[in-house]
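Commentary on secondary and tertiary structure
Chain by chain, the residues run as shown.
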Amino acid sequence: MRKVLKKNFFNRPTLVVAQGLLGKFLVRNKNGRVIAAMITEVEAYDGPQDRASHAHRGRTVRNTPMFGPAGHWYVYFTYGMHWMLNVVTGPKDYPAAVLIRGVQGINGPGRVTKKLGVNGGFINETVSVKTGLWIEDRGVWVDKKLIKKTPRIGVAYAGLYWAKKKYRFTISY
C-alpha cells in the first residue's frame, strides 16, 4: 500500500505530526529516478513562542514558508553548505514545522538532502508528487514504545528551557 500524505495529515499539532512521520517514506523523483527512504528521525519546531524556532522573532524572508499552509516545504541553507528540509504543520499563520533529521541508512539532515538532491528549488513548494518531493504512508506501523523522545540537537542558543524540550523523535530498535 502506498498512500501519498495530503494536507490534512500535516494540518495537525506539530508534535503529533512529528511522531506520525516516523515510519513514513520520504520520496524524491529526480529526473525520472525515484528514491524512497523511511523517515527515522525528526525534530519539531512549534510556534512563535518556541525559542529554538526560526519564527521566534517574527516573520522574515527566510522563514515565511513556516507561516504558510500545512503541507508545504520549508527549506533553508545553513552553514554555507547544507540544505535543511522541513515540512510545515498546523494552521496557516501559526509558524510550525518538522525537520527531517534522518532516514533509514542516513543520519543527519544535511546528508538526507544531499542524498535526495533537495535544494532551494523546493522552498515553499507543496508536498506532492507534482513537485517531485513527497511523503508516503507505506503501511509501516511504528509502536509508540519504539519512539524515543530526546532534546533537539544544536539549539543551546534557545536557552535551557527550550533546549531541553523533548521535541526530537527517533525510532529506537
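As the structure is a computational prediction, the values presented were derived from the model and not from experiment. (Residues numbered from 1 in each chain as written. Predicted model: local features only at pLDDT ≥ 70, side-chain atom pairs only at ≥ 80, totals over all residues. Heavy atoms only, no water.)

**What to know about the pattern of salt bridges**
All told, the structure shown has six salt bridges when counted by the stated rule. Here the salt bridges share partners, and the residues they tie into one network are Glu41, Glu43, Arg101 and Arg168. (Salt bridge = Lys/Arg side-chain N within 4 Å of Asp/Glu carboxyl O.)

**Some thoughts on the packing of aromatic side chains**
All told, the structure shown has four aromatic pairs when counted by the stated rule. On the basis of an interplanar angle of 80° and a centroid distance of 5.2 Å, the ring pair of phenylalanine 9 and phenylalanine 10 is categorised as edge-to-face. The two residues phenylalanine 9 and phenylalanine 10 agree in class, both being buried. An angle of 35° between the planes, with centres 5.2 Å apart, marks the rings of tyrosine 74 and tyrosine 76 as tilted. Accessibility expressed as a relative area gives 2% for tyrosine 74, which makes it buried. A cation sits over an aromatic face here: arginine 138 above phenylalanine 25, 4.9 Å from the ring centre. (Phe/Tyr/Trp six-rings, centres within 6.5 Å; stacked < 30°, edge-to-face > 60°. Buried < 20%, exposed > 50% of the residue type's maximum accessible area, 1.4 Å probe, protein only. Lys NZ or Arg CZ within 6 Å of the ring centre and 35° of its normal.)

**Digging into a nonpolar patch on the surface**
Nonpolar side chains collect at one region of the surface, where Phe77, Tyr79 and Met81 lie side by side and expose about 400 Å² of accessible area between them. Here phenylalanine 77 is to be found in strand E4 (residues 73-78). For phenylalanine 77, a relative accessible area of 38% puts it in the partly exposed group. (Patch = residues over 30% accessible without salt bridge, like charges linked within 9 Å, V, L, I, M, F, W, Y side chains within 5 Å. Areas by Shrake-Rupley, 256 points an atom, 1.4 Å probe, with all protein chains shown as cover. Helix = DSSP H or I, 4+ residues; strand = E, 2+ residues; numbered from the N terminus.)

**Let's talk about the nonpolar core**
Core analysis: the biggest nonpolar cluster contains 53 residues, and Phe10, Leu21, Leu26, Val42, Trp73, Ile100 and Ile135 have the highest contact counts within it. Of all the elements, strand E3 (residues 33-46) adds the most residues to this core, at seven residues. (Core = buried A, V, L, I, M, F, W, Y, C linked by side-chain atoms within 4.5 Å.)

**Details of the side chain of threonine 113**
By secondary structure assignment, the location of threonine 113 is in helix H3 (residues 109-116). In this structure threonine 113 comes out as buried when scored by relative accessible area, which is 3%. Apart from the residues lying within four places of it in its own chain, the contact partners of threonine 113 are Trp83, Met84, Leu85 and Val118. (Contact = heavy atoms within 4.5 Å.)

**Considering the environment of phenylalanine 67**
Note on placement: phenylalanine 67 falls in the loop between E3 and E4. Separated by 25 residues in sequence, phenylalanine 67 and lysine 92 have C-alpha atoms that sit 5.8 Å apart.

**Some remarks on unusual backbone geometry**
For asparagine 31, which is not glycine, the phi dihedral falls at a positive 55°. Assignment of secondary structure puts asparagine 31 in the loop between strand E2 (25-30) and E3. Asparagine 31 gets classed as exposed once you look at its relative accessible area, which sits at 78%. Within the chain, aspartate 93 stands out as a residue other than glycine whose phi angle is a positive 75°. Looking at the element boundaries, aspartate 93 is found in the loop between strand E5 (82-88) and strand E6 (96-103). On the basis of relative accessible area, aspartate 93 is assigned to the exposed category, the value being 51%.

**Overview of helix H2 (residues 14-21)**
Listed in full, the buried residues belonging to H2 are Thr14, Val17, Ala18, Gly20 and Leu21. Buried residues of H2, viewed axially, fall in a sector of 170°; they line one side. Turning to H2, the residues buried within the fold contact helix H1 (7-10), E3, E5, E6, strand E8 (133-137) and strand E10 (168-171). Glycine 23 occupies a position one or two residues after H2 and carries a positive phi of about 90°. (Arc of directions from axis to C-beta.)

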